[in-house]
Amino acid sequence: MKLHRESRATLLISSVLFAIIAAISIYYLEMWSLLIIVPLLVTYGLILWFFRVPKRQIAEHSETVVAPVDGKVVMIKEVEENEFLNQKVMQISIFMSPLNVHICRYPVTGEVIYKKYHPGKYLMAWNEKSSTDNERTTLAVQTAIGHPVVFRQIAGYMARRIVFYANEGDAAKAGHEFGFIKFGSRMDVFIPTNSEIRCKIGDKVKGGLDVIAKLV
């Protein structure tokens, strides 16, 4: 199983910590040390699972919007996007549990025209206010057909580190990685109000594979 590069520090720290705890428990508890070691192995396995990088065949997209992350669609509504677009748009929000793949992918193809990091709170990721109050990043891509699309990585209650590699002027390819969020979190995508929505609340989507909308 391939692991994401963001796993290195976490795995190093957890490996050392777990080894020390296991050694101490074996020394003092002997046979009873299994009561400590087994939960440690389960926890370590979950960490490995969290940082997995699945193999995916990413198709070419020019007018369609793909899911930027794995997770569950929790919101589809018309909102006012006031950071960059300053107009009414459709917002599609996808919640990621700690068990989901947390690679963040471009939802559309085009050119990165805006990026900004915002420090903030750590409200639960499904809280509507997390979109404006939590630690987050905002990126905008000008698509090949002329539509600017904004998307936002949002840290959740457990997520305390957002990573994004995109820079203004970069070429964005729908379905390809631009960042990572550690543990539970959310992604918001803001598209024109006349877009054709191809998902519904409750849908479970896979990043880079499932189409969630079509730009008109």
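Residues numbered from 1 in each chain as written. Predicted model: local features only at pLDDT ≥ 70, side-chain atom pairs only at ≥ 80, totals over all residues. Heavy atoms only, no water.

Enquirer: How should the domain arrangement of the chain be read in this particular structure?
Expert: How big an interface is tends to be reported as the loss of accessible area on association of its parts. Each assigned domain of the chain is listed with its residue range as follows: domain 1 (5-51) and domain 2 (64-214). Measuring from the centre of the C-alpha atoms in domain 1 to the corresponding centre in domain 2 gives 33 Å. Contacts between the two partners involve 7 residues from domain 1 and, on the opposite side, 11 residues from domain 2. A combined buried area of about 810 Å² lies between domain 1 and domain 2, and 61% of that area is made up of carbon and sulfur atoms. Looking at the side of domain 1 facing domain 2, the largest losses of area belong to R5, E6 and F50, adding up to 70% of the total buried there. Where domain 1 packs against domain 2, one counts 0 salt bridges. In terms of residues, the side of domain 1 that touches domain 2 owes the most to one element, helix α2 (residues 34-50), which gives 3 residues. Taken together, the residues of the side of domain 1 that touches domain 2 sort by class into 4 nonpolar, 1 polar and 2 charged. (Domains from an automatic or database assignment. Contact = heavy atoms within 4.5 Å. Buried area = accessible area lost by both parts, 1.4 Å probe. Salt bridge = Lys/Arg side-chain N within 4 Å of Asp/Glu carboxyl O. Helix = DSSP H or I, 4+ residues; strand = E, 2+ residues; numbered from the N terminus. Nonpolar A, V, L, I, M, F, W, Y, C, P; charged D, E, K, R; others polar.)

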